[in-house]
Amino acid sequence: MTELKTQILCDDQNGLEQAASILSDGGLVAFPTETVYGLGADACNGHAVASVYAAKGRPSFNPLIVHVADLETAKRFAQFDKTALDLVGAFWPGPVSLVLPLAKNHGLSELVTAGLDTVAIRIPAHETAQALLKAFDGPLAAPSANPSGRISPTSAGHVSSDMDGIIDAVVDGGKCKVGIESTILKIEDDRVSLLRAGGLPVEAVEACLGHAIAKPQDPKTPQSPGQLQSHYAPNAAVRLNATSVESNEVLLGFGADVKGTVLNLSATGDMIEAAANLFAYMRNIDGIAGVEKSIAISPIPMTGLGLAINDRLKRAAAPRD
Ligand code: TXA
Ligand code: MG
């Protein structure tokens with residue numbers, strides 16, 4: 001990746017307008033929330049979201065949390081049942097993310113949801129986060145602003161020391177009050193389960209609902225998406241590392257020198273472009289393969305976003321249940 005000059009922006013109107021304009025252009029801006037600093041990108045821009053994975057060096061496409069300014073905006077992206085609205089009334093804005101069914105015509109990049117039919121969403125309570133979301137006027141996908149496997153940042157200085165030269169800007173909004181990531185609750189048909197313990201104590205959630213909720217160690221709790229081997233598998237069978245294409249196959253290519261591709265993830269071998277195209281192209285090529293053919297996929301190098309792309313392709317090619 002080319003070295004960037006990472007700007008440190010103040011959380012005044014001028015700084016926030018600059019931050020919003022970088023985000024609208026598809027750039028990456030770290031910003032404070034009450035939990036930890038998030039690495040923000042336009043959640044509807046696949047290329048911007050792919051750059052988040054690249055900047056973090058994430059080895060897999062874990063779905064990201066979508067941050068919005070208010071409930072009205074949240075409803076464009078997720079469906080809220082009564083239980084969800086009760087939790088929103090009690091705890092938003094605040095350190096809790098809700099995993100909910102996607103709304104129709106949501107327009108989010110599939111990389112944000114990692115191809116799932118649910119989305120994790122929250123309204124952060126931090127004044128600077130609120131002001132930035134209003135200035136940007138749209139949804140921001142934001143994982144914690146640290147390289148994968150490193151400690152989450154709770155000050156602008158932490159972000160700069162880890163991400164300097166890798167992201168476009170950091171908005172300095174001081175220290176994060178909560179200091180640990182948001183609690184994640186999944187709500188399915190009014191049933192609530194805890195996916196991740198975090199800044200909002202689970203006791204507060206249970207007191208609001210009036211009953212206990214399923215915890216990660218319970219067998220009834222949904223698995224976290226990264227553990228699901230073949231989630232979002234295409235209907236057609238998948239063969240990886242294909243250097244040629246058979247007559248009963250359609251080829252999803254990568255790079256300049258592949259013959260017989262129906263679709264190419266990136267003809268120039270650009271990993272960010274390939275990641276941004278991955279989910280949509282998997283869907284398209286599955287449709288093209290239909291019931292007759294299977295899918296062959298060119299080798300993708302295991303560098304940069306190649307780790308996450310290959311991780312996802314391996315799941316798509318895994319034996320089905
Ligand atoms: O406090 C926070 O939550 C911070 C700040 C920046 O908001 N963000 C954060 O994001 O911790 P991240 O990407 O580090 O963690 C997101 C978690 C992941 O464990 C992911 O698996 C889960 O949310 N997640 C996201 N979408 C999901 C979905 N549709 N279903 C289940 N889990 C989901
Ligand atoms: Mg994190």
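A.B. asks: What is the right way to read the sheet that holds strand E10 (residues 191-196) from this model?
C.D. replies: Strand-to-strand pairing in sheets goes through backbone hydrogen bonds, with the strands running parallel or antiparallel. One open sheet accounts for 10 strands, arranged E1-E8-E2-E3-E7-E4-E6-E5-E9-E10; its pairing is mixed. If you trace the sheet from one side to the other, it starts and ends with strand E1 (7-10) and E10, each paired once. As judged from the four bridges shared by E1 and strand E8 (residues 169-172), these two strands associate in the parallel manner. Across the sheet, Cys10 pairs through a bridge with Asp172, a residue of E8. Docked against the sheet, helix H7 (residues 156-163) engages E1, strand E2 (29-31), strand E3 (38-42) and E8, running at close to 165° with respect to E8.

A.B. asks: I tried to follow the side chain of Thr83 on my own but got confused; where do I start?
C.D. replies: When you line up the elements, Thr83 lands in helix H4 (residues 82-91). Relative accessible area serves as the criterion here: at 11%, Thr83 is assigned to the buried category. Within polar-contact distance, the side chain of Thr83 engages the side chain of Asp190 at 2.5 Å. For Thr83, the residues in contact, after removing those within four places along its chain, are Ile187, Asp190, Val192 and Leu209.

A.B. asks: Is there a simple way to explain the pattern of salt bridges in this structure?
C.D. replies: Two side chains carrying opposite charge are able to pair once their charged atoms lie near each other. Inspection of every chain in the model, using the stated rule, returns seven salt bridges. The closest approach of N and O atoms between Arg283 and Glu110, which form a salt bridge, is 2.4 Å. One end of the pair, Arg283, is in helix H9 (residues 271-289); the other, Glu110, is in helix H5 (residues 110-113), with 173 residues separating them in the sequence. Here Arg283 falls in the partly exposed class, since its relative accessible area comes to 43%. Its relative accessible area of 23% is what places Glu110 among the partly exposed residues. Ionic pairing is found between Glu249 and Arg239, a salt bridge with its closest N-O pair at 2.7 Å. With Glu249 in strand E12 (residues 249-253) and Arg239 in strand E11 (residues 238-239), the pair connects residues that are 10 residues apart, well separated along the chain.

A.B. asks: I'm lost on the nonpolar core in this one. Help?
C.D. replies: As a rule of thumb, nonpolar side chains are buried together in soluble globular proteins. Core analysis: the largest hydrophobic core is formed by 78 residues, its most contacted members being Phe80, Leu98, Ile121, Leu305 and Ile309. Considering each element in turn, this core owes the most residues, nine residues, to H9. Mapped onto the domain boundaries, this core takes at least three residues apiece from domain 1 (7-209) and domain 2 (238-317). In contact with Leu98, other than residues within four places in its own chain, are Phe80, Ala84, Leu87, Val88, Trp92, Val119, Ala120, Ile121, Leu185 and Ile187. Judged by nonpolar contacts, the second largest core, of 17 residues, contains Leu16, Ile22, Ala69 and Ala142.

A.B. asks: Help me understand the site of ligand 1, please; the structure alone is not making it clear to me.
C.D. replies: Looking at ligand 1, there are 22 residues lining it, with Thr35, His67, Thr118, Ser182 and Arg196 nearest. At 3.0 Å from an oxygen atom of ligand 1 is found a side-chain nitrogen or oxygen belonging to Arg58. In this structure, an oxygen atom belonging to ligand 1 sits 2.6 Å away from a side-chain N or O atom of Ser182. Going through the elements one at a time, strand E4 (65-67), strand E6 (118-122) and E10 are the ones with two or more residues in the shell around ligand 1. Per-element accounting of the shell around ligand 1 gives the leading share, four residues, to E6. Split by residue class, the shell around ligand 1 holds 12 nonpolar, six polar and four charged.

A.B. asks: Could you clarify how one ought to interpret the domain arrangement of the protein chain in this entry?
C.D. replies: The figure often quoted for interface size is the accessible area lost as the parts come together. Parsing the protein chain into structural domains produces domain 1 (7-209) and domain 2 (238-317). Of note, the centres of domain 1 and domain 2, computed from C-alpha atoms alone, are 30 Å apart. Tallying the contact residues gives 14 residues for domain 1 and 14 residues for domain 2. Together, the buried faces of domain 1 and domain 2 total about 1,200 Å²; carbon and sulfur atoms form 69% of this surface.

A.B. asks: Is there a simple way to think about the side chain of Thr118 in this case?
C.D. replies: Residue position: Thr118 is located in strand E6. A residue is classified by how much of its surface remains accessible, and Thr118, at 15% relative accessible area, is buried. Not counting the four nearest positions on each side in its chain, Thr118 is found in contact with Val99, Leu100, Pro101, Leu102 and Thr113.

A.B. asks: Sorry, what's going on with the packing of helix H1 (residues 13-24) against helix H6 (residues 127-136) here?
C.D. replies: Angle between the axes and distance between the axes are the two parameters that describe a pair of packed helices. At their nearest, the axes of H1 and H6 sit 9 Å apart, and the two run at 55° to each other. Taken together, the axes of H1 and H6 lie oblique to each other. H1 and H6 meet at a crossing whose hand is right-handed. Two secondary-structure elements touch here, H1 through Leu16, Ala19, Ala20, Leu23 and Ser24 and H6 through Thr128, Ala131, Leu132, Ala135 and Phe136. Tallied by class, residues from the contact of H1 with H6 come to eight nonpolar, two polar and no charged.

A.B. asks: Any chance you could explain H6 here in plain terms?
C.D. replies: Residues separated by three or four positions in an α-helix point in the same direction, a consequence of the helix having 3.6 residues per turn. For H6, the full list of buried residues reads Thr128, Ala129, Gln130, Leu132, Leu133 and Phe136. On its buried side, H6 packs onto H1, E2, E3, E4, strand E7 (140-141) and E8. Once H6 ends, the next one or two residues include Asp137, with phi positive near 60°.

Definitions and limits used
- Residues numbered from 1 in each chain as written.
- Chains lettered and ligands numbered in written order.
- Predicted model: local features only at pLDDT ≥ 70, side-chain atom pairs only at ≥ 80, totals over all residues.
- Heavy atoms only, no water.
- Pairing = 2+ DSSP bridges.
- Helix = DSSP H or I, 4+ residues; strand = E, 2+ residues; numbered from the N terminus.
- Contact = heavy atoms within 4.5 Å.
- Axes fitted to C-alpha atoms, helices over the stretch in contact; angles between N-to-C directions.
- Buried < 20%, exposed > 50% of the residue type's maximum accessible area, 1.4 Å probe, protein only.
- Polar contact = N/O pair within 3.5 Å; in protein donor to acceptor, adjacent residues only side chain to side chain.
- Salt bridge = Lys/Arg side-chain N within 4 Å of Asp/Glu carboxyl O.
- Core = buried A, V, L, I, M, F, W, Y, C linked by side-chain atoms within 4.5 Å.
- Domains from an automatic or database assignment.
- Near = heavy atom within 4 Å.
- Nonpolar A, V, L, I, M, F, W, Y, C, P; charged D, E, K, R; others polar.
- Buried area = accessible area lost by both parts, 1.4 Å probe.
- Parallel < 35°, antiparallel > 145°, perpendicular 65-115°, else oblique.
- Left-handed = near helix turned anticlockwise from the far one by under 90°.

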